[in-house]
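As a plain string of letters, each chain reads:
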Amino acid sequence: MKMEKRRAYSAWIFLAPSLILYLYLFVYPTIEAFRVSFYKWSGFAANMEFVGFDNFLKLITDTSFLEALKNTLLLLTVGGMGSFLLAFIFSYLLGSGIRGKKVYRTIIFFPFIVAPVVLSIYWSLLVYNPRVGILPQLLKLLHIEVLSEFLFTDMSHIFWSVLFIVIWSKVGFYLILLMAGIERIPPYLYEAARLEGANELQMFFKITLPLIKEVLVIAIIFWGIHAVKMFELFYAFGGIFPPRALWTNAIYLYIMGFGKRDPIFQLGYASAIGVVTLLLVIIVSFIIRKSIKREIYEY
Amino acid sequence: MKKLFFWLVIVALTVSATLVVGAAIGETKTIVFWSMYNEQEPAASAIKTWIKEYKKIKPEINIDVTFAGREVVTKVMAARGGGVVVDLLGMEGFVLRASLVLEGISLVMDEALDKPGFEGEGLWRDSFLPGTVEQYATDDGKVSIIPFNLHSNGFFYDKKLWQDNGWAVPKTWDEFLALCETIKTTSDIAPIAHDCGLDFYNDMWNYQIMERLKGPGALLSAAEDKTGESWGDPAFKKAIEIEQELFDKGYIIEGCKGFTWPAGQGFLASGEAAMNLNGTWLPNELRNQVSEDFEWGSFPFPEIAGGVGKISDMESSLNGFAAFNDTKVGPEIVDFLKFCTTVDNQQIFVDGSWNMSAVLGTDVPTALEGLGQALEEAEVLFDRHDGLAAAYPEYYKNIYLKNHDLAFLGEITPDEYIKLMKEETIRYWEKQ
């Protein structure tokens, strides 16, 4: 008993530094954000006016917030589907015994390590630019006239163009996660399935997918959290200010709270956006956890 | 033991001597100053020169400067929230007004302004271009922002290119359209370069057109009209029609609706477009991009027939300094700002940054001569975005710029724009 108590004390001593940091840097600001979200406050002056749920009620009718929320949800769903679909295709191709597997894997992973600001400048000014961009020039060279005159970054298309960059830059990370799971599956399971006459698609749905479920859940939760909070790539894409079509929840929070170029200083309202975003992350994680049943396979 | 005693006496004497000398030379005070410029910018070099020179005159005052970039207000907000002392802030005037002045946390400068400037000749207030000190005052006229960098807005072009082609600076909108047609049909250059990806750049067209049609303050008044009826004035619809005509006639460079800043203005620098409507910061931004024989020219927004605004009505927007009213070095800040706004020091800023100064007697940089002359002759000064961004930033961003962008880029018709503006103005005021 004494030994157990001593062990518990030691555990608390070792845990204390990280626990204190966690409480101070995450839990305390979160509680503080909840508190501030009930106030009308600029963030500058000391006077804070308690407004109850007014900030949250304002969100419901704020078309700018609803547009940003729509973009966030599109990013979460369409971006997620795109990233995972590509990651699965690449993992299948790389797992099919292709030569130079590591080289391809490195090439696919590379965009993930490039800073989002660099990606933004590269794609906006060098790839998509309607007059001098590589993409329109290439399409012109290939005589695909309809697409060569297509404006990838005008108001109607810019979100989808940036979403493509998000998928392109993130797919490498999810590929690595999925491949780590796939490579753990014993090859004899596939050999047996082949002997039984299973095709590739059947093997994917009956063997691969069930056996990497644990990894997949983690990867999807990663994506969900990342997508709901996404800021930097969309923010940097517009140069000195992101076009409205690129606003996500996180960007709108920043604009409303910290007066990016325009002197809007509504830290109370911005905190309400932050609270809603946090709730969204929790809900998304919960749904993913619940919708993908955890089963234990032993092999 | 004797040795220890000896050393203790030495230490005690040294400490006492230091204290006595310190008291004799006076206490050193520090002004913590955060600036909107980045350290690599020419404007930051000018500020560093001011500080260096000031230190020679007033060695007892330290200026602890941080070049925080354009996000300086956000950074100061966070720093002060975390207990960091910041005394003085340098930023765009309309942002300072919304963040410090209207929140009642800025140091009022009127008393200092009504005393002599640094060189002791005349009142400090009188050393500025008339109207600029009062531009960002509170509604009851209290001044907290000391202006230094004066910006305006107009068209920029390459004088040499225009001379070679025989193109003349237009004074009326009809002349402007005729010039665009000539450029389009007689050269392989696009008449106008523009960055459609920035909503506040798109608005440069609208607030200039509205000023020429209705004079200063029409946009601001419409925003303040809680019934939304003011948006029914035909001028608002006409302004959108004028903008859309520029696209319809192909005067704005092809593909510009897909430009993300700074792609558009780059075409002026590369000689692929003849002009660009922009702020007076443009020559400085493009100084490393233009060719050696590029000769900067600029002219004010032309007059529109039937409108009440004159070509001599000019935009004035200012970068300035504001101090926090909880500062412990108020008199030192006033003295430092008086020093910064002497003609000689402002000339250092003007020469280095290719910007104009709000201080009388400073020269206009060569690149800005056209607009500088127009400002000197200006009869009326109006604020950037007609003062809307400064007065109602949320309305400006989430209602006006949003709907204007839709109309400017042809996503909605002028009538739909007017309808949206009326409806959303009413809704905005209902929520206030």
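Residues numbered from 1 in each chain as written. Chains lettered and ligands numbered in written order. Predicted model: local features only at pLDDT ≥ 70, side-chain atom pairs only at ≥ 80, totals over all residues.

Colleague: Explain the overall build of chain A here, please?
Modeller: Secondary structure summary: chain A contains 14 helices and two strands in total. By principal-axis analysis of the C-alpha atoms, chain A measures approximately 80 × 75 × 30 Å. (Helix = DSSP H or I, 4+ residues; strand = E, 2+ residues; numbered from the N terminus.)

Colleague: Even after reading the chapter, I still don't get the domain arrangement of chain B, so can you show me in this structure?
Modeller: How large an interface is tends to be reported as the accessible area lost when its parts come together. Residues and elements named next belong to chain B. On domain assignment, one finds that chain B holds domain 1 (7-148 + 320-365) and domain 2 (153-315 + 392-431). A separation of 35 Å is found between the C-alpha centroids of domain 1 and domain 2. Tallying the contact residues gives six residues for domain 1 and six residues for domain 2. Looking at side-chain class alone, the side of domain 1 that touches domain 2 contains four nonpolar, two polar and no charged residues. (Domains from an automatic or database assignment. Contact = placed C-beta atoms within 7 Å. Nonpolar A, V, L, I, M, F, W, Y, C, P; charged D, E, K, R; others polar.)

Colleague: Is there a simple way to explain the confidence of the model for chain A in this structure?
Modeller: Caution is warranted with low-pLDDT regions, since their predicted coordinates should not be read in detail. Confidence along chain A averages 91 in pLDDT terms, with 97% of residues attaining 70 or more. When pLDDT is averaged over each element of chain A, strand S1 (residues 39-40) of chain A comes out on top at 96 and helix H7 (residues 145-148) of chain A at the bottom at 79. (pLDDT = per-residue confidence, 0-100.)

Colleague: Whenever I open this one, the sheet that holds strand S7 (residues 273-279) of chain B confuses me. Can you help?
Modeller: Where strands meet in a sheet, backbone hydrogen bonds hold them as pairs that are either parallel or antiparallel. Residue and element names in this part refer to chain B. An order of S6-S7-S5-S8 is seen for the four strands of this open sheet, with the pairing classed as mixed. Where the open sheet ends on each side, the last strands, each with one partner, are strand S6 (190-193) and strand S8 (296-299). Taking each pair of neighbouring strands and ignoring which way they run, the sheet shows an average axis angle of 30°. Here strand S5 (residues 153-158) runs beside S7; their pairing, made up of five bridges, is antiparallel. Looking across to S7, one finds that Tyr157 is bridged to Met275. (Pairing = 2+ DSSP bridges. Axes fitted to C-alpha atoms, helices over the stretch in contact; angles between N-to-C directions.)

Colleague: Just to check I follow, could you spell out the interface of chain A and chain B for this structure?
Modeller: The interface is formed by 29 residues belonging to chain A together with 31 residues belonging to chain B. Broken down by class, the residue content of the side of chain A that touches chain B amounts to 15 nonpolar, nine polar and five charged.

Colleague: What should I look at first to understand the packing of helix H8 (residues 199-214) of chain B against helix H17 (residues 393-408) of chain B in this one?
Modeller: Helix packing for two helices is described by the angle between their axes and how far apart those axes are. All names here are of chain B. At their nearest, the axes of H8 and H17 sit 9 Å apart, and the two run at 75° to each other. One way to sum up the angle between H8 and H17 is to call them roughly perpendicular. On the side of H8, the interface is formed by Asp199, Phe200, Asn202, Asp203, Trp205 and Asn206, while H17 contributes Leu401, His404, Asp405 and Phe408. Here the contact of H8 with H17 is built from residues that sort into four nonpolar, three polar and three charged. (Parallel < 35°, antiparallel > 145°, perpendicular 65-115°, else oblique.)

Colleague: Would you mind going over the confidence of the model for chain B with me for this structure?
Modeller: Summary statistics for chain B give a mean pLDDT of 93 and a share of 94% for residues scoring 70 or more. Two numbers describe this predicted complex: its pTM, 0.89, and its ipTM, 0.87.

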